[in-house]
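# Observations on the model geometry
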There are 2 protein chains.
Amino acid sequence: MVSARLEGLRSSLARQDLDFLFVTHLPNIRYLTGFTGSAGVLVVGDGQAVFTTDGRYKEQARDQVQGVPVVVGRQAALLTAAEWLSARRRGKATMGIEAVHMSVSDHERLCSRLGKRFTITAAPPLIEQQRMVKDAAEIALIRQAVLFAAKLFERLLATVRPGIRETRIAAELEYAARQGGCEGMAFDTIIASGSRSALPHGRASDQPIPRRGFVVSDFGVILGGYCSDMTRTFHVGRPDKQARIFYQAVHDAQLAGIEAVRPGVPASEVDRAARHALRSSGWGRYFTHSTGHGVGLEIHEAPRVASGQTELLRPGMVITIEPGAYVPRQWGVRVEDMVVVTEQGCEVLTPTTKKLISL
Amino acid sequence: MVSARLEGLRSSLARQDLDFLFVTHLPNIRYLTGFTGSAGVLVVGDGQAVFTTDGRYKEQARDQVQGVPVVVGRQAALLTAAEWLSARRRGKATMGIEAVHMSVSDHERLCSRLGKRFTITAAPPLIEQQRMVKDAAEIALIRQAVLFAAKLFERLLATVRPGIRETRIAAELEYAARQGGCEGMAFDTIIASGSRSALPHGRASDQPIPRRGFVVSDFGVILGGYCSDMTRTFHVGRPDKQARIFYQAVHDAQLAGIEAVRPGVPASEVDRAARHALRSSGWGRYFTHSTGHGVGLEIHEAPRVASGQTELLRPGMVITIEPGAYVPRQWGVRVEDMVVVTEQGCEVLTPTTKKLISL
């Protein structure tokens, strides 16, 4: 698996006229080598490659890294990799860096170590492009993470009652996740109740659940290295008519987004479809974020599902569809599923009902 | 508090001949403004400043940001900030960026938006230098986080028994942390038992606790925004003589490190003292990482306590002292406290015993 990925990257390098790619983004390194630690550099060239790390990860690198030799240095992995390159390549070379992930100061250190023989250039997101389309093994892992989170949602509902703090709900959720064998949560759990539901990113706070109002719950787990992401908004106490109409508008926009997903369609079209639906029902101006994003080894990865995104959807892409509407200081609703693009359209991975639940 | 910090930064800017500092590192933004969200830019100049964010954080920014005006843009915070600067400054200006934190591609976007009127330069870590010395309010918060974690350790010990998985122990610990009101863990919990104790960064795994052997537990919480960090290594089953000697060597090295902490001493001296002690007992070559690091809003911050670090310790600095020794595939021990530098020497914040506990 891993070696096929490396070969895929080598083909991309050749097309870009790059002699080497200097990979520093850890999820990309994990994708290509299997290494899960937090310090390492992967250098890939035509017919040669190396993974460098420092003493802390010596054992782990030797256990995990597949397909490339491991060099453990006494200095930072970046400098060990630069030395390897200098020794390996006597002539001139063009090397791509991951400009979105490399810091200005690491860039300067790298340039000064490598000297003028190396032309260092910002590479396109070659590995992110590879990662965008998941293989069958990845989709199986993602499916497990999604189903796991859906079960957690059942437990979450059992925890909620007026007066219990948002953080307590998050604590129960995360405990169950850990007990079930998750590596961790994919992002800070959002439990935003009452007027806090109007915060699109309302991390669980000390606020107690009110007797009546919406609760936005947005959470995900990391299982087998892969992330899940789901949002359900439910209502504590009986929702009045306006609340039901508001919820339904977001719900319908989410269905419109899903409906738009199929191969060959630009990602922006999915965003447009969801946004159009919310505009039609009069809540368009309260939809203040984009419709979705890719999910995989990272919780946010390519493609973005947003206005202006020309990336065409392809079978195997896994994205979220998560429109929301937020009326400041009053209330908010968001509904989010993960879907995988198929030959015909898409399969919704999240099994949880989207009917408005009232507790 | 926050406005005094801004004034402190302005003095630093003047000394560096910088007209503006472009602050993108979120903990630095939190330190200077109180904003805890995950998208924002702070621009500080002489007598003027702005915080920019996007629609997702509109409410939160208005609730939290102190001392500077907030501008909510329709584009990324970086571009909104660049526009604000362009409009504000008609003549030439020199602006510092946080080169360690800004990506090469953000740097390119910023340069192209601002044009040639702005000379953009890598600023020294001015805010990190301010943050290195904690004020009384910060030390009080850190103290709370440390004591909280120490109580968790008692619960952890009650959980451990042969056969229970490392991840289960981590789950119980993290649940208790959340129930107690923590924002989260300061880093991935390390529970490394048996031969896994030889991994300096052995995140809790599926491995069951063996009937006999060391268990390294290294964890921290975030409470009130501030991090704690502690490591205790204990022994399951009765330790034999060699295990006791090994543990004592690391324990003594840790005490030697603490002994070396006082104002005016370079951070490297603390590392040297701990390393010297481990060398004397013959385990020096198994001490493969540095002795410690600063802790505050971030789990790893300045100063580094390592060889070559010339930073002089000052009262109010909060650092870890955490030597360890790791014999590959056999065993490892690490002992870690947090200490605050005082006028006379240091105060050990971590109250937990360092005697070898056997369960």
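Starting from 1, residues in each chain are numbered consecutively following that chain's sequence as written. Think of it this way: whatever chain is written first is A, whatever ligand is written first is 1, and the rest follow in order. Two thresholds apply to this predicted model, a pLDDT of at least 70 for residue-level local features and 80 or more for giving and counting side-chain atom pairs, whereas whole-chain, interface and lining totals are computed over all residues. Values shown for side chains rest on all heavy atoms present in the structure; no hydrogens or waters enter the calculation.

Our next topic: the overall build of chain A. Counting its secondary structure elements, chain A contains 10 helices and 19 strands. Computation of the radius of gyration draws on C-alpha atoms, with the globule rule given as 2.2 Å multiplied by the number of residues to the power 0.38. The C-alpha radius of gyration computed for chain A amounts to 23 Å, which stays within 12% of the reference 21 Å derived for 359 residues, consistent with globular compactness. Seen along its three principal axes, the alpha-carbon backbone of chain A occupies a region of about 75 × 40 × 35 Å. Exposed residues in this analysis have more than 50% of their type's maximum accessible area, buried residues have under 20%, and partly exposed residues fall in between, with area computed by a 1.4 Å probe over protein chains only. Here chain A holds 359 residues, and 59% of them are scored as buried. The numbering of helices and of strands both runs from the N terminus, where a helix is a DSSP run of H or I of at least 4 residues and a strand a run of E of at least 2.

Quick look at the packing of helix α4 (residues 77-88) of chain A against helix α5 (residues 104-114) of chain A now. Residue and element names in this part refer to chain A. Axes, fitted as lines to C-alpha atoms, cover a helix only where it is in contact. Angles between the N-to-C directions of the axes lie from 0 to 180 degrees. At a minimum axis separation of 10 Å, α4 and α5 run at an interaxial angle of 30°. The angle between α4 and α5 places the two elements in the roughly parallel class. Two packed elements cross with a definite hand, and for α4 against α5 that hand is right-handed. Residues Leu78, Leu79, Ala82, Glu83, Leu85 and Ser86 of α4 pack against Asp106, Arg109, Leu110, Arg113 and Leu114 of α5. Of the residues in the contact of α4 with α5, the class split is six nonpolar, one polar and four charged. Angle categories are assigned with fixed cut-offs, so that under 35 degrees is roughly parallel, over 145 is roughly antiparallel, 65 to 115 is roughly perpendicular, and the rest are oblique. Crossing handedness is defined as follows: a turn of the near helix away from the far one that is anticlockwise and smaller than a right angle gives a left-handed crossing, while the clockwise case is right-handed. By definition, residues are in contact when any of their heavy atoms lie within 4.5 Å. Each residue is assigned to one of three groups, with Ala, Val, Leu, Ile, Met, Phe, Trp, Tyr, Cys and Pro labelled nonpolar, Asp, Glu, Lys and Arg labelled charged, and all others, Gly among them, labelled polar.

Once that is clear, we can look at unusual backbone geometry. A:Ala302 connects to A:Pro303 through a cis peptide bond whose omega is 0°. Mapped onto the secondary structure, A:Pro303 falls in strand β14 (residues 301-305). Of note in the backbone geometry, A:Asp17 takes a positive phi value of approximately 55° without being a glycine. Of note, B:Arg329 is a non-glycine position whose phi angle comes to about 65°, a positive value. Inspection of the secondary structure puts B:Arg329 in the loop between β16 (324-327) and β17 (331-334).

When chain B is brought onto chain A, the operation consists of a screw motion whose angular component is 180° and whose axial shift is 0.0 Å, with 0.0 Å RMSD remaining. Read as a symmetry element, the transformation amounts to a two-fold axis. Of every C-alpha in chain B, the one belonging to B:Ser103 sits nearest the axis of rotation, 2.1 Å from it. Most of the interface of chain B is mirrored in chain A, where 100% of its interface residues are also at the interface. Each copy is superposed on the other by least squares, with the fit set by C-alpha atoms of residues at a pLDDT of at least 70 in both.

The next thing to look at is the environment of B:Leu152. Note on placement: B:Leu152 falls in helix α7 (residues 136-159). The spatial distance from the C-alpha of B:Leu152 to the C-alpha of B:Ile245 is 27 Å, given a sequence separation of 93 residues.

This part takes up the packing of aromatic side chains. Residues and elements named next belong to chain B. Two rings from Phe, Tyr or Trp (for Trp, the six-membered ring) form a pair when their centres sit within 6.5 Å of each other. Planes less than 30 degrees apart are called stacked, planes more than 60 degrees apart edge-to-face, and all others tilted. Applying the stated rule across the entire model yields 17 aromatic pairs over all chains. Residues Phe35 and Phe51 carry aromatic rings whose centres are separated by 4.7 Å and whose planes lie at 50° to one another, so their mutual orientation is tilted. Taken together, the positions of Phe35 in the loop between α2 (26-33) and β2 (41-45) and Phe51 in strand β3 (residues 48-54) put the pair 16 residues apart, joining distant regions of the chain. The two residues Phe35 and Phe51 agree in class, both being buried. Ring centres of Phe214 and Trp331 lie 5.5 Å apart, and the angle between their planes is 65°; on these two criteria the pair is classed as edge-to-face.

Turning next to the pairing of strand β1 (residues 20-23) of chain B. All names here are of chain B. Of the two faces of β1, the one holding Phe20 and Phe22 and the one holding Leu21 and Val23 are both buried throughout. The pairing criterion is simple: DSSP has to find at least two bridges between the two strands. Of the strand pairs in this sheet, β1 and strand β5 (residues 93-97) are connected by three bridges, and their pairing is parallel. Paired with Phe20 across the two strands is Met95, which belongs to β5.

Let us look at the sheet that holds strand β12 (residues 230-236) of chain A. All names here are of chain A. Pairing is antiparallel across the open sheet formed by three strands, whose spatial order is β8-β9-β12. Either end of the sheet is taken by a strand with one partner, and the two such strands are β8 (190-193) and β12. Taken over all neighbouring pairs, the strand axes of this sheet differ in orientation by 15° on average, direction set aside. Those strands touched by helix α7 (residues 136-159) are β8, β9 (213-219) and β12, and its axis lies near 15° from that of β12. Lying over the sheet, helix α8 (residues 166-179) contacts β8 and β9, oriented at roughly 150° with respect to β8.

So, about the pattern of salt bridges. Whenever a carboxyl oxygen of Asp or Glu lies within 4 Å of a side-chain nitrogen of Lys or Arg, that contact is scored as a salt bridge. This structure, assessed with the given rule, holds 44 salt bridges over all chains. As a salt-bridge pair, B:Arg143 and B:Glu347 come within 2.7 Å of each other at their nearest N and O atoms. You can see B:Arg143 sitting in helix α7 and its partner B:Glu347 sitting in strand β19 (residues 346-348), a full 204 residues away along the chain. Classification of B:Glu347 by relative accessible area gives partly exposed; the value is 31%. For B:Asp337, the salt bridge identified is with B:Lys354, shortest N-O distance 2.4 Å. In this pair, B:Asp337 sits in strand β18 (residues 337-341) while B:Lys354 sits in the segment after β19, placing the two residues 17 residues apart along the sequence. In this pair, the class of B:Asp337 matches that of B:Lys354, namely buried. One salt-bridge network, held together by shared partners, links A:Arg131, A:Lys134, A:Glu298 and A:Glu301.

Turning our eyes to something else, we now look at the domain arrangement of chain A. All names here are of chain A. Per the domain assignment, the segments making up chain A are domain 1 (2-127) and domain 2 (136-348). With centres defined by C-alpha atoms, the gap from domain 1 to domain 2 works out at 35 Å. Each of two parts loses accessible area, computed with a 1.4 Å probe, when they are put together; buried area is these two losses added. Here domain 1 packs against domain 2, burying approximately 430 Å² in sum over the two surfaces, 54% of which is carbon and sulfur. A per-residue breakdown of the area domain 1 buries against domain 2 is headed by Pro27, Arg30 and Tyr31, which together make up 72% of the total. Across the contact surface, domain 1 and domain 2 share zero salt bridges. Any pair of nitrogen or oxygen atoms within 3.5 Å is treated as a polar contact; in protein, a donor-acceptor pairing is required on top of that, and neighbouring residues in sequence qualify only through side-chain atoms on both sides. For the pair domain 1 and domain 2, the interface holds one residue pair in polar contact (both at pLDDT 80 or more). Among the elements that make up the side of domain 1 that touches domain 2, the one with the highest residue count is helix α2 (residues 26-33) (three residues). For the purposes of this description, domain bounds are those given by an automatic or database domain assignment.

This brings us to the interface of chain B and chain A. Taken together, the contact between chain B and chain A spans 31 residues of the former and 31 residues of the latter. Interface of chain B and chain A: buried area, both sides summed, is about 3,000 Å²; carbon and sulfur atoms make up 54% of it. For the interface between chain B and chain A, the tally reads six salt bridges. In this structure, the salt-bridge partner of A:Glu59 is B:Arg329, at a minimum N-O distance of 3.7 Å. Linking chain B with chain A are 10 residue pairs in polar contact (both at pLDDT 80 or more). The set of elements that each furnish at least two residues to the side of chain B that touches chain A consists of α3 (58-64), α5 (104-114) and α8 (166-179) of chain B. Sort the elements by how many residues they give to the side of chain B that touches chain A and α8(B) lands first, with nine residues. In terms of residue class, the side of chain B that touches chain A is built from 12 nonpolar, nine polar and 10 charged.

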